[in-house]
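# Reading the structure
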Amino acid sequence: MDLFTTAAGLLAYAETARRAGQRIGFVPTMGALHDGHLQLVRAAANDCDVVIASIFVNPTQFNNPEDFRLYPRLPETDADLLRSAGCTALFLPSVEEMYPQPAVLKFNFGALESVMEGAHRPGHFNGVATVVSKLFHLVRPHRAYFGQKDWQQVAVVKQLVADLSFDLEIVAYPTIREADGLAMSSRNRRLTPEERAVAPQLYQALAQAAEQVRQGMPPAQVQAGALATLAREPRFTPEYFEVADAQTLQPLTDYAPGRAVVLCLAVHLGAVRLIDNVIVSLG
Ligand SMILES: Nc1ncnc2c1ncn2[C@@H]1O[C@H](COP(=O)(O)OP(=O)(O)OP(=O)(O)O)[C@@H](O)[C@H]1O
Ligand SMILES: CC(C)(CO)[C@@H](O)C(=O)[O-]
Ligand code: BAL
């Protein structure tokens, strides 16, 4: 696996692969890798000739400086995992390399970012769109791989690709979970054993709410019930629990047949903020 720390090195590598007629798969990450990331790398290795992964803890998408400072950083272990999953090149830039000058461009994703992560993490999707655009320009992949654990991010990135005519395909893969249901996340490493023990209740609340949606319980009642369930665990401080249209991400007042519903939550557990979601397809 090749390692690049400069934009120029990455650009030249990707350009050579493209000129040779190779298909390029791209997996952007913030590192501290787990099976959720590695399934994306394996999928890219299966579909493409060249697989480029990036590890960059992007400061512009963090609204909380402590969250940025404490974000797990394990580049050596990550490199080994990437190599064994079939990655052919790793881009590991510094902040100065990615932002030689402060980025000032502002994105507006309208209703897509007026809810959930967009509403609760001011500037978050602006930072994501900025760094993803930069990375897409350097790599110019044929396909870019994202996880459904960040459901809203996938919607925002698809909008970005459409609005800016990036010539690539976005593919999204399901959330990989621990055996007890907890969604894999780099931030799980920061949980204490006591917090880790109660964390699976987040998925349990989502699974219970999903069953209620299938049974036709009104969205407001599903939401209130889930928030009440979460409130029973004193270590949880819920930020939101939304019952939303899976495409538009707007909160639902009732269900439309044939549409998919996404149930999304963000909960603080000690010093760690976790998100998760499940999709319910309505017949
Ligand atoms: N459990 C998972 N299942 C599937 N995809 C995932 C999972 N966790 C992360 N991803 C995807 O991997 C990519 C990189 O995500 P990122 O590096 O932020 O990892 P993360 O584990 O979600 O970290 P965080 O602690 O920030 O939530 C994103 O497209 C994300 O959706
Ligand atoms: C897409 C991404 C790598 C951009 O920094 C990040 O938001 C993530 O890891 O999901
Ligand atoms: N996985 C989304 C990146 C973030 O939390 O900033």
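Residues numbered from 1 in each chain as written. Chains lettered and ligands numbered in written order. Predicted model: local features only at pLDDT ≥ 70, side-chain atom pairs only at ≥ 80, totals over all residues. Heavy atoms only, no water.

Where an unreviewed UniProt entry is consulted, the protein chain appears under the name Pantothenate synthetase, with the organism given as Hymenobacter aranciens.

Next up on the list: the overall build of the protein chain. Looking only at helices and strands, the protein chain has 11 helices and 9 strands in total. Its C-alpha radius of gyration of 19 Å places the protein chain within 12% of the 19 Å reference for a compact globule of 283 residues. Summarising its shape, the C-alpha atoms of the protein chain cover approximately 55 × 40 × 35 Å along the three principal directions. Here the protein chain holds 283 residues, and the buried ones make up 52% of them. Taking the contacts inside the protein chain whose residues are at least 6 apart along the sequence as the reference set, 73% of them involve residues at least 24 apart. A total of about 12,900 Å² of accessible surface is found on the protein chain, and carbon and sulfur atoms cover 53% of it. Considering the protein chain, the positive charge centre built from 24 side chains and the negative charge centre built from 29 side chains are found 1 Å apart. (Helix = DSSP H or I, 4+ residues; strand = E, 2+ residues; numbered from the N terminus. Rg over C-alpha atoms; globule rule 2.2 N^0.38 Å. Buried < 20%, exposed > 50% of the residue type's maximum accessible area, 1.4 Å probe, protein only. Contact = heavy atoms within 4.5 Å. Areas by Shrake-Rupley, 256 points an atom, 1.4 Å probe, with all protein chains shown as cover. Lys, Arg positive; Asp, Glu negative; His and termini not counted. Charge placed at Lys NZ, Arg CZ, Asp CG, Glu CD.)

With that settled, the discussion passes to the sheet that holds strand 6 (residues 169-173). Within the open sheet, the 6 strands sit side by side as 1-4-3-2-5-6. Their pairing is parallel. Each of the sheet's edge strands pairs with one partner strand only, and the pair in question is strand 1 (2-4) and strand 6. Direction aside, neighbouring strands of the sheet carry axes that sit 25 degrees apart on average. Examined bridge by bridge, strand 1 and strand 4 (residues 89-91) share 3 bridges and lie parallel to one another. Directly across from Phe4, in strand 4, lies its bridge partner Phe91. Each of strand 2 (24-29), strand 3 (50-55), strand 4, strand 5 (143-147) and strand 6 is contacted by helix 7 (residues 124-139), which is oriented at about 155 degrees to strand 2, the strand it contacts most. (Pairing = 2+ DSSP bridges. Axes fitted to C-alpha atoms, helices over the stretch in contact; angles between N-to-C directions.)

Moving on, we get to the site of ligand 3. Taken together, Met30, Gln61, Arg121, His124, Asp150 and Arg187 make up the full set of residues adjacent to ligand 3. Between Gln61 and ligand 3, the recorded distance is 2.9 Å, taken from a side-chain N or O atom to an oxygen atom. Between ligand 3 and Arg187 there is a distance of 2.9 Å, counted from an oxygen atom to a side-chain nitrogen or oxygen. Relative to its free-state accessible area of 220 Å², ligand 3 is covered by the protein chains to the extent of 85%. Mapping ligand 3 onto the cavity grids shows that it belongs to the largest cavity. The class makeup of the residues in the shell around ligand 3 is 1 nonpolar, 2 polar and 3 charged. (Near = heavy atom within 4 Å. Polar contact = N/O pair within 3.5 Å; in protein donor to acceptor, adjacent residues only side chain to side chain. 1 Å grid on protein atoms, 1.4 Å probe; cavity = no way out; pocket = protein on both sides within 12 Å on 5 of 7 lines; lining within 4 Å. Sits in = over half its atoms within 2 Å of the grid points. Nonpolar A, V, L, I, M, F, W, Y, C, P; charged D, E, K, R; others polar.)

Three or four residues apart is the spacing at which side chains of an α-helix point the same way, because the helix has 3.6 residues per turn. Given a rise of 1.5 Å per residue, 13 residues ought to cover 18 Å, and the 18 Å separating the end C-alpha atoms of helix 11 (residues 219-231) matches this to within 8%. Buried within helix 11 are the following residues: Pro219, Val222, Ala226 and Leu230. One side of helix 11 carries all its buried residues, which in axial view fall inside an arc of 65 degrees. Every exposed residue of helix 11 that faces more than 90 degrees away from the buried side is listed here: Ala220 and Ala231. (Expected span 1.5 Å × (residues − 1). Arc of directions from axis to C-beta.)

So, on to the UniProt feature "binding site: (R)-pantoate" (unreviewed entry) in the protein chain. Per the UniProt annotation, the sites labelled "binding site: (R)-pantoate" (unreviewed entry) are Gln61 and Gln153. A maximum C-alpha distance of 11.5 Å places the annotated residues, which cover 93 residues in sequence, within one compact spot. Narrowing the list just given to those that line the largest cavity leaves Gln61 and Gln153. One can find Gln61 in the loop between strand 3 and helix 3 (65-70). Once residues lying within four places of it in the same chain are set aside, the contact partners of Gln61 are Met30, Arg121, His124, Gly127, Val128 and Val131. At a separation of 3.0 Å, a polar atom in the side chain of Gln61 contacts the side chain of Asn58. Tracing the sequence through the fold places Gln153 in helix 8 (residues 151-163). Other than its neighbours up to four places away in sequence, Gln153 contacts Phe125, Val128 and Phe146. (UniProt positions renumbered as here; feature names shortened; annotations may be inferred.)

On to the pairing of strand 2, then. Here strand 2 lies mainly inside the structure; 6 of its 6 residues are buried. Neither face of strand 2 is left uncovered, since the one carrying Ile24, Phe26 and Pro28 and the one carrying Gly25, Val27 and Thr29 both have all their residues buried. Where strand 2 lies against strand 3, 6 bridges are found, and the strand directions are parallel. Note on strand 3: the bridge partner recorded for Ile24 is Val50.

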